[in-house]
Amino acid sequence: MKIGLLARIEAKPEYADTVEGLLRDALQLARDEEHTVTWFAFRENATTFGIFDTFEDEAGRTGHLQGRIAAALMEAAPTMLSTPPDIRPVDLLAVKLP
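Described in the following lines is the structure provided in the data block.

## Points about the overall build of the protein chain
If you tally the helices and strands in the protein chain, you get three helices and four strands. The helix and strand sequence of the protein chain, counted from the amino end, reads β-α-β-β-α-α-β. A compact globule built from 98 residues would reach a C-alpha radius of gyration of about 13 Å, and the protein chain, at 13 Å, matches this within 12%. Every one of the 98 residues in the protein chain was classed for burial, and the buried ones make up 37%. For the protein chain, the accessible surface area stands at approximately 6100 Å², while carbon and sulfur atoms represent 56% of it. Put simply, the protein chain has 10 plus and 16 minus side-chain charges, and the middle of one group is 4 Å from the middle of the other.

## Considering the packing of aromatic side chains
What the rule picks out here adds up to one aromatic pair. Residues Phe-40 and Phe-52 carry aromatic rings whose centres are separated by 6.2 Å and whose planes lie at 25 degrees to one another, so their mutual orientation is stacked. Of this pair, Phe-40 sits in strand 2 (residues 36-43) while Phe-52 is found in strand 3 (residues 48-55), placing the two residues twelve residues apart along the sequence. Phe-40 sits in the partly exposed class, given a relative accessible area of 42%. Judged by relative accessible area, Phe-52 falls into the partly exposed class, the value being 25%.

## Describing helix 2 (residues 58-65)
All buried positions along helix 2 are accounted for by Gly-60, Arg-61 and His-64. In a view along the axis of helix 2, the buried residues occupy a sector of 100 degrees, so they form one face of it. As for helix 2, its buried residues are in contact with strand 1 (3-10), strand 2, strand 3, helix 3 (68-80) and strand 4 (86-91). Structurally, the start of helix 2 carries an N-cap: the backbone nitrogen of Ala-59 is 3.3 Å from a side-chain oxygen of Asp-57.

## Remarks on the pattern of salt bridges
Opposite charge on two side chains lets them pair, provided their charged atoms get close. Applying the stated rule across the entire model yields five salt bridges. A salt bridge links Arg-8 to Glu-10; its shortest N-O distance comes to 3.4 Å. Residue Arg-8 is classed as partly exposed on the basis of its relative accessible area of 40%. Among the salt bridges present, the one from Glu-58 reaches Arg-61, with a minimum N-O distance of 2.6 Å. Of the two residues, Glu-58 and Arg-61 both sit in helix 2, three residues apart, roughly one turn of that helix. Where salt bridges share partners, they join Glu-20, Arg-24 and Arg-43 into one cluster.

## A few points about the nonpolar core
In terms of nonpolar packing, the biggest core is built from 17 residues, with Ile-9, Val-19, Phe-49 and Leu-81 touching the most fellow members. Looking at this core, the elements that each hand over two or more residues are strand 1, helix 1 (16-32), strand 3 and helix 3. Residues in contact with Val-19, not counting those within four places in the same chain, are Ile-9, Ala-11, Phe-49, Met-80 and Leu-81.

About the criteria used
- Residues numbered from 1 in each chain as written.
- Predicted model: local features only at pLDDT ≥ 70, side-chain atom pairs only at ≥ 80, totals over all residues.
- Heavy atoms only, no water.
- Helix = DSSP H or I, 4+ residues; strand = E, 2+ residues; numbered from the N terminus.
- Rg over C-alpha atoms; globule rule 2.2 N^0.38 Å.
- Buried < 20%, exposed > 50% of the residue type's maximum accessible area, 1.4 Å probe, protein only.
- Areas by Shrake-Rupley, 256 points an atom, 1.4 Å probe, with all protein chains shown as cover.
- Lys, Arg positive; Asp, Glu negative; His and termini not counted.
- Charge placed at Lys NZ, Arg CZ, Asp CG, Glu CD.
- Phe/Tyr/Trp six-rings, centres within 6.5 Å; stacked < 30°, edge-to-face > 60°.
- Arc of directions from axis to C-beta.
- Contact = heavy atoms within 4.5 Å.
- Polar contact = N/O pair within 3.5 Å; in protein donor to acceptor, adjacent residues only side chain to side chain.
- Salt bridge = Lys/Arg side-chain N within 4 Å of Asp/Glu carboxyl O.
- Core = buried A, V, L, I, M, F, W, Y, C linked by side-chain atoms within 4.5 Å.

Without other data, these values stay purely geometric and don't point to any function.
Below, the structure is given as structure tokens:
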């Protein structure tokens, strides 16, 4: 894996639990994506969440951005998020996996 995405998601307080559920449910969607190598959803605090995922190449990253997880996040954004998701491409410099 050489590249990734880092997304920061800020939920409206009244939707924080719903956003958490959306991210937990997205795990199966990530498992179904052939080109997503690793996928992590996390919570920073009561309303701030994030996703970090990795890919072997740009085609995999682009496919993920056009996939079902991104679509679900964008659909939820106007209602459940206080700001649009902040999604940033990253290059991986070093990786340690089990």
